[in-house]
Amino acid sequence: MNKKTIRDIDVEGKRALVRVDFNVPLDPDTGAILDDSRIKATLPTLTYLLDHGASLVICSHIGRPKGRVVERLRMAPISQHLASCIAGSISTAPECVGDMVTTAASRLRPGEMLMLENLRFNPGEESNDPEFARCLASLGDIFVNDAFGTAHRAHASTVGVARCLPAVAGLLMEKELEFLGMALENPRRPFTALLGGAKISDKMAVLERLLERLDVLLIGGGMAGTFLKAKGLEIGGSLLEEESLEFVSKIMATGSDRGIPVVLPVDVVVGDSFDADATPEIHGVGDVPEDGQIMDIGPETIDLFEEHLKKSETVFWNGPMGVYEFPAFAQGTRRMAQVLARLEATTVVGGGSTADAVIGLGLAGEMDHVSTGGGASLEFLEGKILPGVAALMDR
Ligand code: ADP
Ligand code: MG
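Owing to the predicted nature of the structure, the values given are computational and were not obtained by experimental measurement. (Residues numbered from 1 in each chain as written. Chains lettered and ligands numbered in written order. Predicted model: local features only at pLDDT ≥ 70, side-chain atom pairs only at ≥ 80, totals over all residues. Heavy atoms only, no water.)

### Comments concerning the side chain of Thr-333
Following the sequence through the fold, Thr-333 ends up in helix α13 (residues 331-342). Residue classification places Thr-333 among the buried residues on the basis of a relative accessible area of 1%. What Thr-333 contacts, discounting residues up to four positions off in sequence, is Asp-296, Trp-317, Pro-320, Met-321, Gly-322, Tyr-324, Ala-357 and Leu-361. (Helix = DSSP H or I, 4+ residues; strand = E, 2+ residues; numbered from the N terminus. Buried < 20%, exposed > 50% of the residue type's maximum accessible area, 1.4 Å probe, protein only. Contact = heavy atoms within 4.5 Å.)

### Here we look at the packing of helix α8 (residues 171-185) against helix α15 (residues 374-381)
For the pair α8 and α15, interaxial distance at closest approach is 10 Å and the crossing angle is 35 degrees. Read as a crossing pair, α8 and α15 show a hand that is right-handed. When α8 is examined against α15, the residues Leu-177, Leu-180, Gly-181 and Leu-184 are found in contact with a partner set consisting of Ser-377, Phe-380 and Leu-381. Residue composition of the contact of α8 with α15, grouped by class: five nonpolar, two polar and no charged. (Axes fitted to C-alpha atoms, helices over the stretch in contact; angles between N-to-C directions. Left-handed = near helix turned anticlockwise from the far one by under 90°. Nonpolar A, V, L, I, M, F, W, Y, C, P; charged D, E, K, R; others polar.)

### Quick look at the layout of surface pockets
Empty space within the largest pocket amounts to approximately 770 Å³. Residue lining of the largest pocket: 34 residues in total, with Arg-38, Ala-355, Ile-359, Ser-371 and Thr-372 positioned closest to the centre. Going through the elements one at a time, α1 (37-40), α8, α14 (352-360), β15 (369-370) and α15 are the ones with two or more residues in the lining of the largest pocket. The class makeup of the residues in the lining of the largest pocket is 16 nonpolar, 13 polar and five charged. (1 Å grid on protein atoms, 1.4 Å probe; cavity = no way out; pocket = protein on both sides within 12 Å on 5 of 7 lines; lining within 4 Å. Points joined across faces, edges and corners; volume = space filled by probe spheres on them.)

### Concerning the pattern of salt bridges
Where charged atoms of side chains with opposite charge meet at close range, the side chains can pair. Taken as a whole, this structure holds 18 salt bridges when the rule is applied. The salt bridge partner of Lys-3 is Asp-394, with a shortest N-O separation of 2.7 Å. Remark: Asp-394 occurs in the segment after α16 (387-390) and Lys-3 occurs in the segment before β1 (15-19); sequence separation between them is 391 residues. One network of salt bridges, in which partners are shared, links Glu-71, Arg-74 and Glu-117. (Salt bridge = Lys/Arg side-chain N within 4 Å of Asp/Glu carboxyl O.)

### Regarding empty space enclosed by the protein
Empty pockets left among the atoms are what a rolling probe the size of a water molecule brings to light. Counted according to the given criterion, the structure contains one cavity of 30 Å³ or more. Computed from the structure, the largest cavity encloses a volume of approximately 30 Å³. Every residue along the wall of the largest cavity is listed here: Asp-21, Arg-38, Thr-42, Asp-146, Phe-148, Gly-149, Leu-172 and Thr-372. Per-class residue counts for the lining of the largest cavity are two nonpolar, three polar and three charged.

### Thoughts on the site of ligand 1
By nearness alone, 20 residues border ligand 1, and Lys-203, Ile-294, Glu-325, Ser-353 and Thr-354 come closest of all. Within the backbone of Ala-198, a nitrogen or oxygen atom sits 3.1 Å from an oxygen atom of ligand 1. Within the side chain of Glu-325, an N or O atom sits 2.5 Å from an oxygen atom of ligand 1. Taken by itself ligand 1 offers 580 Å² of open surface, and the protein chains cover 84% of this. Sorting the residues of the shell around ligand 1 by element identifies β12 (293-297) and α14 as the ones contributing at least two each. It is α14 that provides the largest number of residues to the shell around ligand 1, a total of three residues. Each residue belonging to the shell around ligand 1 can be placed in one class, and the counts come to eight nonpolar, 10 polar and two charged. (Near = heavy atom within 4 Å. Polar contact = N/O pair within 3.5 Å; in protein donor to acceptor, adjacent residues only side chain to side chain. Areas by Shrake-Rupley, 256 points an atom, 1.4 Å probe, with all protein chains shown as cover.)

### What about the domain arrangement of the protein chain?
Once the domains are mapped, the protein chain shows domain 1 (6-173) and domain 2 (187-382). The C-alpha-based centres of domain 1 and domain 2 are spaced at 35 Å. Among the residues domain 1 hides against domain 2, the three largest losses belong to Arg-38, Phe-148 and His-152. Together they make up 62% of the total. The interface formed by domain 1 and domain 2 contains zero salt bridges. There are one residue pair in polar contact (both at pLDDT 80 or more) connecting domain 1 and domain 2. A breakdown of the residues in the side of domain 1 that touches domain 2 according to their chemical character gives three nonpolar, three polar and three charged. (Domains from an automatic or database assignment. Buried area = accessible area lost by both parts, 1.4 Å probe.)

### Observations regarding the environment of His-81
Looking at where His-81 falls in the secondary structure, it is placed in helix α3 (residues 76-85). Measuring from C-alpha to C-alpha, the distance between His-81 and Asp-36 comes to 8.6 Å, with 45 residues separating the pair along the chain. With residues up to four places along the chain from it excluded, the contact list for His-81 reads Ile-33, Asp-36 and Ile-39. A polar atom in the side chain of His-81 sits 2.8 Å from the side chain of Asp-36.

### Quick look at a negative patch on the surface
On the surface, Asp-272, Asp-275, Asp-277, Glu-281, Glu-290 and Asp-291 cluster together into a patch of negative charge. As for its position among the elements, Asp-272 is in the loop between β10 (267-271) and β11 (281-284). A relative accessible area of 48% places Asp-272 in the partly exposed class. (Patch = residues over 30% accessible without salt bridge, like charges linked within 9 Å, V, L, I, M, F, W, Y side chains within 5 Å. Lys, Arg positive; Asp, Glu negative; His and termini not counted. Charge placed at Lys NZ, Arg CZ, Asp CG, Glu CD.)

### Things to note about the sheet that holds β10
An order of β11-β10-β12 is seen for the three strands of this open sheet, with the pairing classed as antiparallel. Two strands bound the open sheet, and with one partner strand each, they are β11 and β12. Direction aside, the axes of adjacent strands within the sheet are offset by 45 degrees on average. In this structure, β10 lies alongside β11, joined through four bridges in antiparallel fashion. Pairing of Val-270 across the sheet is with Glu-281, part of β11. Set on the sheet, helix α12 (residues 299-310) makes contact with β10, β11 and β12; between it and β12 the angle comes to about 45 degrees. (Pairing = 2+ DSSP bridges.)

Written out as structure tokens, the structure reads:
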């Protein structure tokens with residue numbers, strides 16, 4: 001990591017403007033926080049700053065209010081939840097900028113926190129309006145970016161403020177860059193990627209890039225259908241991306257040229273319709289019924305993947321192995337999560353749904369790293385420079 005972090009600067013007596021990613025899932029009916037992992041993940045940064053004598057102006061977005069005030073997307077409940085997780089007093093501002101906020105921020109003493117209102121209530125956030133960025137920046141002496149999940153967006157609170165203040169990474173940002181960077185730069189070998197999920201087109205660039213580094217590629221999930229089809233197998237009504245057939249053939253050919261096994265499912269769990277009540281049936285990949293669709297990897301495939309994973313020193317996992325939202329088709333995803341949880345290898349999990357599945361199984365703590373950034377982690381693995389990272393001070 002060639003970026004400065006909060007450990008590289010003196011924070012004592014400073015007011016830190018801290019960008020976090022508290023974009024947590026909320027219950028649409030009650031507004032209750034359904035998963036607080038993203039809040040908990042920033043505690044090391046917030047605690048470090050408070051313990052070292054800083055005061056904090058914390059800001060985040062939640063949801064997609066598109067520049068307008070949306071009552072159910074206010075930060076107050078998040079602020080209350082944070083208060084229950086951390087020692088120190090937190091007040092909540094009803095706005096992001098303005099005289100009231102400026103006064104509240106100027107009164108903060110070391111160890112105190114002010115949570116700003118949802119950044120995306122202001123249209124200047126997503127348009128990276130320099131004036132909005134300047135107003136935000138005026139609330140702090142330094143800028144700390146811990147919002148890895150938003151680092152792929154050039155917004156006022158990720159890039160704009162970094163032009164106005166000394167800007168450093170928080171500890172979560174550092175950890176994300178370290179673990180995802182290791183997968184790209186110097187993985188311990190054998191390095192295995194376990195890929196699944198719905199769409200190949202979302203992940204083409206990641207697949208190509210990883211193939212330059214990998215020792216073994218395991219393919220499950222919805223994307224396996226297109227690979228099987230490209231090998232000439234019939235896949236019934238399974239997810240198929242016609243336009244990606246050529247691409248996956250190229251991936252398999254490159255794998256075989258470089259001696260990298262591209263391992264596809266040997267058996268699958270097929271459903272007779274795409275819903276939770278579909279009847280699950282196990283079939284070999286050579287005999288998927290015409291009216292069925294692949295909705296999970298089968299038991300022999302689970303064993304086969306497990307054999308490869310057990311021999312690995314580094315594992316990167318992105319994409320559920322099946323339609324894990326339906327219990328009858330969640331077995332492949334659950335078993336892979338359990339296998340990874342027990343490995344000695346360095347295990348890195350990326351992707352919104354994959355993280356959701358691992359957290360839901362209570363296994364996140366058993367992985368070396370579960371990325372909090374879905375889109376950001378994919379863009380990073382594609383080798384793109386994330387604007388929110390680029391804007392931070394170099395070491
Ligand atoms: P991530 O968010 O972890 O990157 P994706 O967004 O690529 O993962 O894919 C997640 C989705 O893939 C899940 O909603 C899951 O239901 C779906 N999925 C997995 N396997 C299949 C399959 N065989 N058929 C259809 N959808 C699938
Ligand atoms: Mg996703």
